[in-house]
Amino acid sequence: MLQPDDKSDVSVSLSAVLAQLPEGSASEAELAIGGEPASLIVTRVAGRVQAFRNICPHAGRRLDWAPGEFLIDQGQLVCAAHGASFDMASGLCVAGPCKGASLTAVALPGIAAAGTGS
Ligand code: FES
């Protein structure tokens, strides 16, 4: 699991995203990983918040069809490029050209716990 560079910056950007992240949805947050800016997919499923790099394991494209706009079909996140479908909680590709591969999870210390409502 990847670790962000600066957790305080993560808290600020993710706090804004989480405030507007309904159950069963996905949104985008940006932060630095390894000294480089990175786009994240942030999901909330069954009250639990998860974050993944916004990089599809099929061909390395972003999953969103426009910045921060994700396709969700029957509870699965769908890559806008070639239609791979991902479990929004685990990041596992369950259908499409990269079936069995996974999105890269990013640790959100403190933020994930806050997003669970527990
Ligand atoms: S880049 Fe996502 S399915 Fe091809």
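Criteria and thresholds
- Residues numbered from 1 in each chain as written.
- Predicted model: local features only at pLDDT ≥ 70, side-chain atom pairs only at ≥ 80, totals over all residues.
- Helix = DSSP H or I, 4+ residues; strand = E, 2+ residues; numbered from the N terminus.
- Buried ≥ 20, exposed ≤ 12 C-beta atoms within 10 Å, placed from the backbone.
- Contact = placed C-beta atoms within 7 Å.
- pLDDT = per-residue confidence, 0-100.
- Core = buried A, V, L, I, M, F, W, Y, C linked by C-beta atoms within 7 Å.
- Pairing = 2+ DSSP bridges.
- Axes fitted to C-alpha atoms, helices over the stretch in contact; angles between N-to-C directions.

### Focus on the overall build of the protein chain
Part 1 of the reasoning: Secondary structure assignment for the protein chain yields two helices and seven strands.
Part 2 of the reasoning: In the protein chain, the succession of helices and strands from N to C terminus is α-β-β-β-β-β-β-β-α.
Part 3 of the reasoning: Residue burial in the protein chain is summarised as follows: out of 118 residues, 30% are buried.
Part 4 of the reasoning: In the protein chain, of all internal contacts separated by at least 6 residues, the share reaching a separation of at least 24 is 46%.

### Some points on the confidence of the model for the protein chain
Detailed reading of the predicted coordinates is not advisable wherever pLDDT is low.
Part 1 of the reasoning: Considering every residue of the protein chain, the mean pLDDT works out to 87; 85% of them sit at 70 or more.
Part 2 of the reasoning: Low confidence marks residues 112-118, where pLDDT is under 50. Its contacts with residues over four positions away, or in another chain, come to 10 contacts.

### Observations regarding the nonpolar core
Part 1 of the reasoning: Counting 23 residues, the largest nonpolar core has Leu40, Ile41, Val42, Ala51 and Leu77 as its most contacted members.
Part 2 of the reasoning: At the level of elements, α1 (7-19), β1 (25-33), β2 (36-45) and β3 (48-53) are the ones that each hand at least two residues to this core.
Part 3 of the reasoning: Filtering out sequence-adjacent residues up to four positions away, Ala51 remains in contact with Leu40, Ile41, Val42, Val106 and Leu108.

### Let's talk about the pairing of β3
Part 1 of the reasoning: In this sheet, β3 lies alongside β2 in antiparallel orientation, the contact comprising six bridges. Counterpart to Arg44 in the pairing with β3 is Val49.
Part 2 of the reasoning: The antiparallel pairing of β2 with β3 creates a hairpin that spans two residues between the two strands, and Ala46 there sits at a positive phi of about 50°.

### Points about the sheet that holds strand β6 (residues 85-87)
Part 1 of the reasoning: The four strands are arranged β4-β5-β6-β7 in an open sheet whose pairing can be described as antiparallel. The sheet is open, and its two borders are formed by β4 (71-73) and β7 (93-95), each paired with just one other strand. Put simply, the sheet's adjacent strands are angled 40° from each other on average, direction ignored.
Part 2 of the reasoning: The sheet contact formed by β6 and β7 spans two bridges and is antiparallel. Bridging from a neighbouring strand, Ser85 pairs with Ala95 of β7.

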